[in-house]
Amino acid sequence: MMSTGFAALPEAERYVLARATLPAAVAEGFDGADVGEGLMRADIVIADGRIEALRPAGSVTDLPLFDLDHGQVWPCFVDMHTHLDKGHILPRRSNPDGTFDGALEAVGADRDAHWSMADVTARMDFAIRGAYAHGTSLIRTHIDSVPPQFPTSWPAFAAMRDKWAGRVDLQAVALTPVDLYLDPAFRGRLVETVLEHGGILGGVTFMIPELATALDQLFYQASEHGLDIDLHVDETADPNARSLRAIAEAAIRAGYEGQVTVGHCCSLARQEADEADRTMDLVAEAGIAVVSLPMCNMYLQDRHPGRTPRWRGVTLLHEMASRGIATAVASDNTRDPFYAYGDLDAVEVFREAVRILQLDHPLDAAPRVLTTTPASVLRRPDVGRIKVGNSADLVLFKARSWTEFLSRPQSDRTVIRAGKAIDRTLPDYRELDSLFGL
Ligand SMILES: Nc1ccnc(=O)[nH]1
């Protein structure tokens, strides 16, 4: 049975979404009536699958229409930091104690035992079907790129990218311990694999003595091959984890011209203000973008059996944004040992991010973190915004105000792709049972 959400759209190639409320931060080239809270009103004219015009609310009367009665309309979402290769393994491999170390060990064991082409492909496809149904149109995933795994996972990713192109566009990053960039044979093979499959370079940084040298190699390889960089950084409570500063210094030293993204940066929130300020100044100077993963951070950080957590695990997103640093949030892991829950639902991520990072009071700029900002960082300025000429890839909500939007899961939303409502039925977990011998 099809499920297309609450909105009954006109059966017409040209129609209007009337009396919509738009977060002003995600609409470009139109100044609708300001209704406060960073929201504005508009009629959205859709023709042949594209946004043909934005007009004052209630002004378009000569077309078939769906009256939103002030319900919100968003662009489709951009989820810029995920791990599709490990998604949904939780039923066969849970985290023994919910900690970061427990996650690393559990994932490693599962990878060695089970990650065939068929296994990785089936789980990725399942995850993307959910993301699509929830209203996401662009996903970046990290791919565990440690020997001997990556010859399997990269082709699996490439197959999924081809299958989903135009519905959920996919990007991939090589996730490898940064010290492996010191190994000429390994880094040669890694760069070759990334180039062959159209990915970008990345990794996880640690406070190793050779960190600066390893980063110089990474930036050199990225510059040589015209690749962007996306790193896992300082995902720990330890204030001595200062690799973020080393990355900013390396980017500046290299005169690197690509886009650097850093994820996590948890330890920054545990450092003295002077030190954190200096690091953030360098991050701004280097033009580095930051993605916070609030659900995963709150799950893993400050977890000690039998003790109540005392901090939220997230980085200094407000202080970064006020310096002009591009700041985004994303899902991170879903149903694996790093995070036991999640469904690549950007509305859930937004709701949780608002609470965990206090992106509210005011909420005005907050919608950017899962739309315009990650779209720009991922070099896809054509998505994640409501703009005349763009594909009509929109998510419609009954909720009018922020308190209506953030108080319910918005499960009855309607997702429009190229002007048409899609089936929002979520894949059934039972489809995965055969992967787990159930
Ligand atoms: N938070 C995470 C760190 C490293 N790998 C993951 O999959 N997730």
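Residues numbered from 1 in each chain as written. Predicted model: local features only at pLDDT ≥ 70, side-chain atom pairs only at ≥ 80, totals over all residues. Heavy atoms only, no water.

Student: Sorry if this is basic, but what is going on with the overall build of the chain here?
Tutor: Helix and strand counts for the chain stand at 12 helices and 17 strands. Against the 2.2 N^0.38 benchmark of 22 Å for 438 residues, the chain shows a C-alpha radius of gyration of 22 Å, consistent with a compact globule. Dimensions of the chain along its principal axes, counting C-alpha atoms only, are 70 × 55 × 50 Å. Buried residues in the chain amount to 58% of all 438 residues. For the chain, the proportion of contacts with a sequence separation of at least 24, taken over those separated by at least 6, is 79%. (Helix = DSSP H or I, 4+ residues; strand = E, 2+ residues; numbered from the N terminus. Rg over C-alpha atoms; globule rule 2.2 N^0.38 Å. Buried < 20%, exposed > 50% of the residue type's maximum accessible area, 1.4 Å probe, protein only. Contact = heavy atoms within 4.5 Å.)

Student: Could you clarify how one ought to interpret the domain arrangement of the chain in this entry?
Tutor: By convention, interface size is frequently given as the accessible area that disappears when the constituent parts associate. Under the domain assignment used here, the chain contains domain 1 (14-75 + 386-421) and domain 2 (77-377). Here the C-alpha centroids of domain 1 and domain 2 sit 31 Å apart. Tallying the contact residues gives 18 residues for domain 1 and 22 residues for domain 2. For the pair domain 1 and domain 2, the summed buried surface comes to about 1600 Å²; carbon and sulfur atoms form 66% of the total. A per-residue breakdown of the area domain 1 buries against domain 2 is headed by A25, L406 and R417, which together make up 36% of the total. The interface formed by domain 1 and domain 2 contains four residue pairs in polar contact (both at pLDDT 80 or more). For the side of domain 1 that touches domain 2, the secondary structure elements donating two or more residues are β6 (73-75), α12 (402-407) and β16 (414-417). Broken down by element, the side of domain 1 that touches domain 2 gets its largest block of residues, three residues, from α12. Across the side of domain 1 that touches domain 2, the residue classes tally to 12 nonpolar, two polar and four charged. (Domains from an automatic or database assignment. Buried area = accessible area lost by both parts, 1.4 Å probe. Polar contact = N/O pair within 3.5 Å; in protein donor to acceptor, adjacent residues only side chain to side chain. Nonpolar A, V, L, I, M, F, W, Y, C, P; charged D, E, K, R; others polar.)

Student: Which parts of the structure should I look at to understand the sheet that holds β6?
Tutor: Adjacent strands of a sheet form backbone hydrogen bonds with each other and so pair up, either parallel or antiparallel. Strand order in this open sheet of four strands is β6-β15-β16-β17, and the pairing throughout is antiparallel. Every interior strand has two partners, whereas the edge strands, β6 and β17 (420-421), have only one. Relative to β16, strand β15 (residues 394-396) runs antiparallel, the two sharing three bridges. Within the sheet, the bridge partner assigned to V395 lies in β16 and is V415. (Pairing = 2+ DSSP bridges.)

Student: I keep staring at the confidence of the model for the chain and nothing clicks. Help me out?
Tutor: Any segment with low pLDDT has predicted coordinates that should not be analysed in fine detail. Per-chain confidence: the chain averages 97 in pLDDT, with 100% of residues scoring 70 or above. Across the interfaces of the predicted complex, the ipTM metric reaches 0.95, alongside a pTM of 0.98. (pLDDT = per-residue confidence, 0-100.)

Student: Quick question: what am I supposed to make of the UniProt feature "domain: Amidohydrolase" (unreviewed entry) in the chain here?
Tutor: In the numbering adopted here, UniProt assigns the feature "domain: Amidohydrolase" (unreviewed entry) to residues 213-418. In the segment residues 213-418, helix accounts for 36% and strand for 12%; the C-alpha atoms at its two ends are 47 Å apart. (UniProt positions renumbered as here; feature names shortened; annotations may be inferred.)

Student: Help me out: how do you make sense of the pattern of salt bridges in this one?
Tutor: Evaluation of the coordinates by the stated rule reveals 27 salt bridges. The closest approach of N and O atoms between D169 and R380, which form a salt bridge, is 2.8 Å. Here D169, found in strand β9 (residues 169-175), pairs with R380, found in the loop between α11 (372-377) and β15; they are 211 residues apart in sequence, far enough to count as distant. (Salt bridge = Lys/Arg side-chain N within 4 Å of Asp/Glu carboxyl O.)

Student: I would appreciate a short explanation of the nonpolar core in the present structure.
Tutor: Soluble globular proteins tend to bury their nonpolar side chains together. L201, L215, F219, I247, V262, F350 and F405 are the most contacted members of the largest nonpolar core, which has 96 residues in total. The element that contributes the greatest number of residues to this core is helix α10 (residues 346-357), accounting for eight residues. Residue-level mapping places this core at the junction of two domains, with at least three residues from each of domain 1 (14-75 + 386-421) and domain 2 (77-377). The contact partners of I247, leaving out residues within four places of it in the chain, are T205, L215, F219, L231, V233, V260, V262 and I288. Formed by 22 residues, the second largest nonpolar core is a distinct cluster that contains F30, V73, L394 and L396. (Core = buried A, V, L, I, M, F, W, Y, C linked by side-chain atoms within 4.5 Å.)

Student: Whenever I open this one, the pairing of strand β12 (residues 260-264) confuses me. Can you help?
Tutor: A regular strand places its side chains on the two faces of the sheet in alternate fashion. Across the five residues that make up β12, a large majority, five, are buried. Sheet topology places strand β11 (residues 229-233) next to β12; five bridges connect them, and they run parallel. Counted as the bridge partner of H232 is G263 from β12. The β-α-β motif built from β11, the intervening helix α6 (residues 243-254) and the parallel element β12 has right-handed crossover chirality. Both β12 and strand β13 (residues 289-292) contribute to a ladder of three bridges, which runs parallel. When the bridges of β13 are listed, V262 appears paired with V290. (Right-handed = clockwise from strand over helix to strand, strands pointing away.)

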